[in-house]
Amino acid sequence: MKAVETHNLTLSYGDAVIIDQLNLSIPQGRITVFVGSNGCGKSTLLRSLARLLKPKSGGILLEGKVMTKLSTREIAKKLAILPQGPVAPEGLTVLQLVKQGRYPHQNWLRQWSREDEQMVWQALEATGMAELADRTVDSLSGGQRQRAWIAMTLAQGTATILLDEPTTYLDLAHQIEVLDLLYDLNQKEQRTIVMVLHDINLACRYAHHIVAIKDRKVFAQGLPEEVVQSAMMESVFGLQCQIMTDPIFGTPLCIPVGKGRFASAEAKIHVTA
């Protein structure tokens, strides 16, 4: 079964069509990354998969069920989304933030339970935030803050997690920290991870499945080595690149061809396919 599927999905803001007749399959228990140029609709697509944006036409299946037929509470038990740049109220502690992930499981008959408490602390432990539970979110470093938000989504207990540019505004060390965490969650707990990333090399390193979006449609999707090729980079990003093999991870490594201190006309010509 696919975690999420779209069939002829069209998304728009008013009369402006952002995604047009898109067919997409996201494998269950894997890491999928959306890539594409700015403004191509990656974040819009992610929002629609969480039912935060109503499709103009077409449909979305969540674990094989038509999403429009599911209640908001049912969706929240199956799928969590972490938007770009979330902001916590001033003075909110990490523990208080993570507890919010359990709200979809609460109602007037079912109040806070031992299971809720266990899920919260498991999420804090999994993200390495248990020792910082009493710290306020606004006192954390960028990487710690992002881990706190990820802990909240984990506490929600969903099989699928959507993340919109989870490494934005983070330095390289914190980017790796967050992506390593998501990779471990996928490997240890078989969570389906779907995220938008701008760094194509990090996308190749961590993704099992890459979806390249261009002209409101899926340009290519599949294994990183199948999708990330010089022809795709030039077509989707308008960028000439050499594609090499990462000497450490064996994944595609994109080397942009452009000006630099050691650039030469000869080097610019040898762009591999």
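For the structure, see preceding data.
Bear in mind the structure is a predicted one, so any value in this text is a computation, not a measurement.

Parameters and conventions
- Residues numbered from 1 in each chain as written.
- Predicted model: local features only at pLDDT ≥ 70, side-chain atom pairs only at ≥ 80, totals over all residues.
- Heavy atoms only, no water.
- Helix = DSSP H or I, 4+ residues; strand = E, 2+ residues; numbered from the N terminus.
- Rg over C-alpha atoms; globule rule 2.2 N^0.38 Å.
- Contact = heavy atoms within 4.5 Å.
- Areas by Shrake-Rupley, 256 points an atom, 1.4 Å probe, with all protein chains shown as cover.
- Lys, Arg positive; Asp, Glu negative; His and termini not counted.
- Charge placed at Lys NZ, Arg CZ, Asp CG, Glu CD.
- Pairing = 2+ DSSP bridges.
- Axes fitted to C-alpha atoms, helices over the stretch in contact; angles between N-to-C directions.
- Parallel < 35°, antiparallel > 145°, perpendicular 65-115°, else oblique.
- Left-handed = near helix turned anticlockwise from the far one by under 90°.
- Nonpolar A, V, L, I, M, F, W, Y, C, P; charged D, E, K, R; others polar.
- Phe/Tyr/Trp six-rings, centres within 6.5 Å; stacked < 30°, edge-to-face > 60°.
- Buried < 20%, exposed > 50% of the residue type's maximum accessible area, 1.4 Å probe, protein only.
- Salt bridge = Lys/Arg side-chain N within 4 Å of Asp/Glu carboxyl O.

For the overall build of the protein chain, give the residues involved together with the corresponding values.
Regarding its fold elements, the protein chain presents ten helices and twelve strands. The C-alpha radius of gyration of the protein chain comes to 20 Å, within 12% of the 19 Å expected for a compact globule of 273 residues. Along the three orthogonal principal directions, the C-alpha set of the protein chain runs to about 70 × 45 × 35 Å. Residue pairs in contact within the protein chain that sit at least 24 positions apart in sequence constitute 63% of those at least 6 positions apart. When the accessible surface of the protein chain is totalled, it reaches about 13,700 Å², and 52% of it is carbon and sulfur. For the protein chain, the distance from the average site of its 28 positive side-chain charges to the average site of its 27 negative ones is 6 Å.

Report on the pairing of strand β10 (residues 217-222), specifying residues and quantitative values.
Taken together, the five bridges between strand β9 (residues 209-214) and β10 define a ladder with antiparallel strand orientation. Each bridged residue has a counterpart across the sheet, and for I213 the counterpart in β10 is V218. Where β9 hands over to β10, the hairpin turn is made up of two residues, of which D215 adopts a positive phi near 50°.

Please provide a residue-by-residue account of the sheet that holds strand β4 (residues 57-62), values included.
The strand order β2-β1-β4-β5 describes an open sheet built from four strands, whose pairing is antiparallel. The outermost strands of the open sheet, each flanked by one partner alone, are β2 (16-27) and β5 (65-66). Bridging between strand β1 (residues 2-13) and β4 involves five bridges; their strand directions are antiparallel. Residue pairing in the sheet places V4 in a bridge with L62 of β4. Across the sheet, helix α1 (residues 42-49) touches β1, β2 and β4, and the angle it forms with β1 is around 120°.

Report on the sheet that holds β9, specifying residues and quantitative values.
With mixed pairing, the six strands of this open sheet are ordered in space as β6-β7-β8-β3-β9-β10. Edge positions in the sheet fall to β6 (79-82) and β10, since each has one partner strand and no second. Neighbouring strand axes in the sheet, compared pairwise and without regard to direction, differ in orientation by 15° on average. Where strand β3 (residues 31-35) and β9 come together, four bridges link them in parallel fashion. Opposite V35, over in β9, you have A212 as the bridge partner. On top of the sheet, helix α6 (residues 172-189) reaches β3, β7 (160-164) and β8 (192-196); it is set at about 155° to β8, its chief contact.

For the packing of helix α4 (residues 114-126) against helix α5 (residues 142-155), give the residues involved together with the corresponding values.
Two numbers describe how α4 lies on α5: the axes approach to 8 Å, and their chain directions differ by 140°. Looking at the two axes, α4 sits oblique to α5. Read as a crossing pair, α4 and α5 show a hand that is right-handed. Taking contact as the criterion, the partners of M119, V120, A123 and A126 in α4 are, on α5, A151, L154 and A155. Among the residues forming the contact of α4 with α5, the class breakdown is seven nonpolar, no polar and no charged.

Which residues make up the packing of aromatic side chains, and what values do they have?
Evaluated as defined, the whole model comprises one aromatic pair. Geometrically, the ring pair formed by Y183 and Y206 is edge-to-face, given 6.4 Å between the ring centres and 70° between the ring planes. Of the two residues, Y183 is situated in helix α6 and Y206 in helix α7 (residues 200-206); the sequence distance between them amounts to 23 residues.

How would you sum up the environment of T251? Please name residues and give values.
Locating T251 in the fold gives a position in the loop between β11 (241-245) and β12 (252-256). On the basis of relative accessible area, T251 is assigned to the buried category, the value being 15%. When the C-alpha positions of T251 and Y206 are compared, they lie 9.1 Å apart, and in sequence the two are 45 residues distant. With near-sequence residues (within four places) excluded, T251 lies in contact with C204, R205, M244, T245 and D246.

Hey, could you go over the pattern of salt bridges for me, with residue numbers and the actual values?
Side-chain pairs of opposite charge can arise whenever the charged atoms involved come near each other. The tally for this structure, following the rule as stated, stands at six salt bridges. A salt bridge links D20 to K217, with the shortest nitrogen-to-oxygen separation between them at 4.0 Å. Highlighted residues: D20 in strand β2 and K217 in strand β10, separated in sequence by 197 residues. Judged by its relative accessible area of 23%, D20 falls in the partly exposed class.

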